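Listed below, chain by chain, are the residues.
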Amino acid sequence: MSGTPTVADTLRRRNRTARWQALAWLVLAVAGLGAPWVISLYQLQLAQQAMVMGLLALSIGWLLRQTGQLSFGHAAFYGIAGYATSYVAQEADLPIGLTLLAGIACGTLAAFVVGLVTIRVPGIAFAMLTLAIGMLVWVAGGQLHSVTRGADGLNVSLDGTLLGKDVVMYGNPVEAWPLVWGVLMAVVAALWALSRTTWGRRLASIRDNEERMRFSGYATYWPRVVAFTVSGAVAGLAGTLNLVTTSFISLSALFWSTSGIALIVAVIGGVRSVLGPPLGAVLFVVLQNSLAGSGNHYQAVIGVVLIVVVLVAPGGCVELVERAAAAARRRLSRRPRKEAGMPVVPTPTPTPDRGGRRAAAR
Amino acid sequence: MFVQVLNGLAFGVLLLVLSSGLALIFGLRGVVNFAHGAIYMLAAYVGLSVSDRTSFWFALLTVPVLLAGAGLLVDRYGLRFLVGRSPLDMVLLTFGITFVVADVVQTFWGTQARTIDPPAVLAGSTDLGFATYPTYRLFVIVMGLLVCAGLMAWLRFSRTGLFVRAAGDDRVTSGAMGINVDRVSATVVALGFGLAGLAGVLAGPYLTLSPAMGTEILITTFIVVVVGGLGSIGGPMVAALLIGLANSLATVQAPTLAAYVPYLLMLVVLLLRPQGIAGRRTAL
């Protein structure tokens, strides 16, 4: 253990933590499938709601994490996907899988088009612009009353067989849970993997210093448009999943507060980690449910929690957990702090032992 | 036609007062105040209660001052902690305020629509020679233009105005030159909140009060500021009048399209000039 850690050291260490994270996530994903046996039907229903909201929060949180852009307009893609799914289901006689895909595709396409325009706008104006475009879609949704039925909402009856079950069955949380949980976990894994690719790292570099990336000869426009589209596709997936599990959609799905709440949820959970937004969604639903009796002041409470989180722990709950874990580890370890802080990774300089093993392998 | 232009002017002037507050806070603090609409709504409701108990004029004087005080608190105990952090954190902070204010308004004033009665002097309509027009709207136009002219003059000609512009351009250098940047920014945030408060009270007798009024106008104000150009004060002023007029003319000429007009204007401007009419690219 001599000298400063090299780049190879850091990368190896990062890969090792990544392996642990992947393992922990896999355990979580499998364990989550057992939820219906552990919690009551009502709690399961709340959990399912939280997972759908977590998916929407994930789309916003991932965009913020990866590109540093705050979107207030994702309700548009969420709602468009939901309405498109119900419209296709009524008008065209397609197999259910294709119907759902068509819905998600509409949300994704909308995100692509919006991305083309908004990505050009610098920095913080982006947040204002996405809010404005989201409201434009809401206004349009209100005027297309024949399709959306306005605030009354639409009861959508989907039919067909999805993943070996009749679609109607997914109205029951016990039946729907594996689907909702599986989709969420798959998306978490996909987005996590995506942010670890070269492309994901390049996005993060553009976030940190766009000008430098541009001068280094990288395209900075298209990667962000694609990232926005990916994020919009996840929001669309959430919208369609919501439709499958509730068979209902109304204009409030398009309203800005849908994005707003999802954004708050993502930030409270913590956007630095991919699992943060779903965690925030669970906290939100628990909070909302426990406050339901007391005059329904959950808006104020959520607002105050957001303010406190922003001031105290900008990394959200994930950061708080990490801090607590680090403090506990420090207290538990008997070793002096100096040693505990050292990176415990094999150095790249060949030790006799290593050299011997390598020679033996040849 | 003249009446439509006047209507557009009245709405435009209201947007002018609101968006100049927003642009001011952004220009100096680098904060996009998402709570601006909520503050406007809160001012309208507080104005309703105050003018019911005393008089409209008293509300018009005190409510903006009250909200300016709230702005001081927000700056002192919120925004000041976030200096040097990502500007997105400040957006989230003000966004949190929005939710708290929305809850407060719904708790104290309920959700049904209300209006403030204008004072007797401004209640009727005035004969302008070519048309008769509601006196209160004329009052809004005059009042708003006066306030904005005063704001421009203050920024342009006074010593504190100079400090505000300097601190907006370069916080560190201004501080090194002996300007108390913290005090200047507290002044600006208070002024911005006060302007939102003034707009709220002015809007009370003219538009209806509802819990949705804050968001509705916030979106339009954002459009104004984005179209006008972030980081400038003059650009949003032009854009506010433009959008006010376009909105009012479209309501008459093409009612179904009217709701889209601000958005279309915004898209056109952004496609041609992403930084807005008078925005600087470097400001962000």
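Residues numbered from 1 in each chain as written. Chains lettered and ligands numbered in written order. Predicted model: local features only at pLDDT ≥ 70, side-chain atom pairs only at ≥ 80, totals over all residues. Heavy atoms only, no water.

### Re the packing of aromatic side chains
Both the distance between ring centres and the angle between the ring planes are used here to describe each pair of aromatic rings. A complete count under the given rule lists 19 aromatic pairs over all chains for this structure. Look at Phe72 of chain A and Phe34 of chain B: their rings are 4.4 Å apart centre to centre, the planes differ by 20°, and that puts the pair in the stacked class. In this pair, Phe72 of chain A is assigned in the loop between α3 (41-67) and α4 (74-91) and Phe34 of chain B in the loop between α1 (2-29) and α2 (36-53), connecting two distinct chains. Judged by its relative accessible area of 1%, Phe72 of chain A falls in the buried class. By relative accessible area, Phe34 of chain B is classed as buried at 2%. Site record: aromatic cluster; members linked through ring pairs are Phe72, Trp138, Phe255 and Trp256 of chain A together with Phe34, Phe95, Phe99 and Phe222 of chain B. The ring centre of Tyr77 of chain B lies 5.4 Å from the NZ or CZ of Arg76 of chain B, which sits over that ring. (Phe/Tyr/Trp six-rings, centres within 6.5 Å; stacked < 30°, edge-to-face > 60°. Helix = DSSP H or I, 4+ residues; strand = E, 2+ residues; numbered from the N terminus. Buried < 20%, exposed > 50% of the residue type's maximum accessible area, 1.4 Å probe, protein only. Lys NZ or Arg CZ within 6 Å of the ring centre and 35° of its normal.)

### What about the confidence of the model for chain A?
Scored by pLDDT, chain A comes out at a mean of 82, with 90% of its residues at no less than 70. Within chain A, the element-level pLDDT minimum falls on helix α17 (residues 352-361) of chain A, averaging 40, and the maximum on helix α11 (residues 221-246) of chain A, averaging 92. (pLDDT = per-residue confidence, 0-100.)

### Considerations on helix α8 (residues 181-203) of chain B
With 23 residues, α8 of chain B extends 33 Å between its outermost C-alpha atoms, agreeing within 8% with the 33 Å of an ideal straight helix rising 1.5 Å per residue. With 19 of its 23 residues buried, α8 of chain B lies for the most part within the structure. (Expected span 1.5 Å × (residues − 1).)

### A look at the environment of Val225 of chain B
Residue and element names in this part refer to chain B. Here Val225 lies in helix α9 (residues 213-228). Residue Val225 is classed as buried on the basis of its relative accessible area, which comes to 2%. With 202 residues separating them along the chain, Val225 and Ala23 place their C-alpha atoms 6.8 Å apart.

### A short note on the packing of α3 of chain A against α11 of chain A
Residues and elements named next belong to chain A. Contact pair α3 / α11: the axes reach a minimum separation of 9 Å and the direction vectors enclose 175°. Judged on the interaxial angle alone, α11 and α3 are roughly antiparallel. Of the residues in α11, those in contact with Gln48, Val52, Leu55, Leu56, Ser59, Ile60, Trp62, Leu63 and Thr67 of α3 are Ala227, Phe228, Val230, Ser231, Val234, Ala235, Leu237, Ala238, Leu241, Asn242 and Thr245. Looking at side-chain class alone, the contact of α3 with α11 contains 14 nonpolar, 6 polar and no charged residues. (Axes fitted to C-alpha atoms, helices over the stretch in contact; angles between N-to-C directions. Parallel < 35°, antiparallel > 145°, perpendicular 65-115°, else oblique. Contact = heavy atoms within 4.5 Å. Nonpolar A, V, L, I, M, F, W, Y, C, P; charged D, E, K, R; others polar.)

### Section: the nonpolar core
Within soluble globular proteins, side chains that are nonpolar tend to cluster in buried spots. Leu55 and Phe72 of chain A together with Phe34, Phe95, Tyr263 and Met266 of chain B are the most contacted members of the largest nonpolar core, which has 191 residues in total. No other element matches α1 of chain B, which puts 15 residues into this core. (Core = buried A, V, L, I, M, F, W, Y, C linked by side-chain atoms within 4.5 Å.)

### Regarding empty space enclosed by the protein
Residues and elements named next belong to chain A. Enumeration over the complete set of coordinates arrives at 2 cavities of 30 Å³ or more. Considering only enclosed or pocket space, the second largest cavity measures out at about 30 Å³ in volume. Together, Ser71, Gly73, Phe77, Val114, Thr130, Ile133, Gly134 and Phe228 line the second largest cavity. Here the element with the most residues in the lining of the second largest cavity is helix α6 (residues 125-143); it accounts for 3 residues. (1 Å grid on protein atoms, 1.4 Å probe; cavity = no way out; pocket = protein on both sides within 12 Å on 5 of 7 lines; lining within 4 Å. Points joined across faces, edges and corners; volume = space filled by probe spheres on them.)

### Points about the interface of chain B and chain A
How large an interface is tends to be reported as the accessible area lost when its parts come together. Every contact between the two is made by 41 residues of chain B and, on the other side, 39 residues of chain A. For the pair chain B and chain A, the summed buried surface comes to about 3700 Å²; carbon and sulfur atoms form 82% of the total. There are 0 salt bridges connecting chain B and chain A. Residue contributions to the side of chain B that touches chain A peak at 15 residues, all from helix α4 (residues 87-109) of chain B. Among the residues forming the side of chain B that touches chain A, the class breakdown is 32 nonpolar, 6 polar and 3 charged. (Buried area = accessible area lost by both parts, 1.4 Å probe. Salt bridge = Lys/Arg side-chain N within 4 Å of Asp/Glu carboxyl O.)

### Some points on the side chain of Thr258 of chain A
Residues and elements named next belong to chain A. As for its placement among the helices and strands, Thr258 is situated in helix α12 (residues 256-269). Residue classification places Thr258 among the buried positions, given a relative accessible area of 18%. A polar contact of 2.7 Å, which involves the side chain of Thr258, links it to the backbone oxygen of Ser252. Apart from the residues within four sequence positions on either side, Thr258 is in contact with Leu56, Ala75, Tyr78, Ser252 and Ala253. (Polar contact = N/O pair within 3.5 Å; in protein donor to acceptor, adjacent residues only side chain to side chain.)

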